[in-house]
Amino acid sequence: MEYVKKEELIKGEVYRVEDGNFWMIGIVTLPNNGGNDGSSKRGNATYINSVKEVKVDQSWAYQSNYGRTYKLATNEEKHWLNCCITANKFITFEEAMKTFIPEYV
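To start, this report covers the structure provided alongside it. Because the structure is predicted, anything quoted here is derived from the model rather than measured.

1. So, the pairing of strand β3 (residues 42-49)
Phase 1: The buried fraction of β3 is high, at seven of eight residues.
Phase 2: The pairing of strand β2 (residues 22-30) with β3 spans six bridges and is antiparallel. Pairing of Val28 across the sheet is with Ala45, part of β3.
Phase 3: One ladder, built from six bridges, connects β3 with strand β4 (residues 54-61); its direction is antiparallel. The residue bridging Gly43 from the neighbouring strand is Trp60, located in β4.
Phase 4: With antiparallel pairing between neighbouring strands as the criterion, β3 and β4 make up a hairpin whose turn holds four residues, including Lys52 at a positive phi of roughly 65 degrees.

Analysis parameters
Residues numbered from 1 in each chain as written. Predicted model: local features only at pLDDT ≥ 70, side-chain atom pairs only at ≥ 80, totals over all residues. Heavy atoms only, no water. Buried < 20%, exposed > 50% of the residue type's maximum accessible area, 1.4 Å probe, protein only. Helix = DSSP H or I, 4+ residues; strand = E, 2+ residues; numbered from the N terminus. Pairing = 2+ DSSP bridges.

Below is the structure:
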């Protein structure tokens, strides 16, 4: 999977962000929210994360001390995010996949 530069994140696109053992899958709602300083670039997103949270249009940091990586989310990850948003709570990947219909070309 090709990595994306944090400066190139697009509003409305869904990304998987990884930082050591921490991850987030989110749809960008605001690429730059102005909350930037010398050590952080911030934007807003609706996202789920590895600590089992669902955050709606919240600030998320684009960098950390561990070096975050960004890539476009897979169709399965997008579906998982949408299931969590619809349920308004974190659900497991396995639970979300029960309603996933793959696209065939």
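Don't stop here, the text continues.
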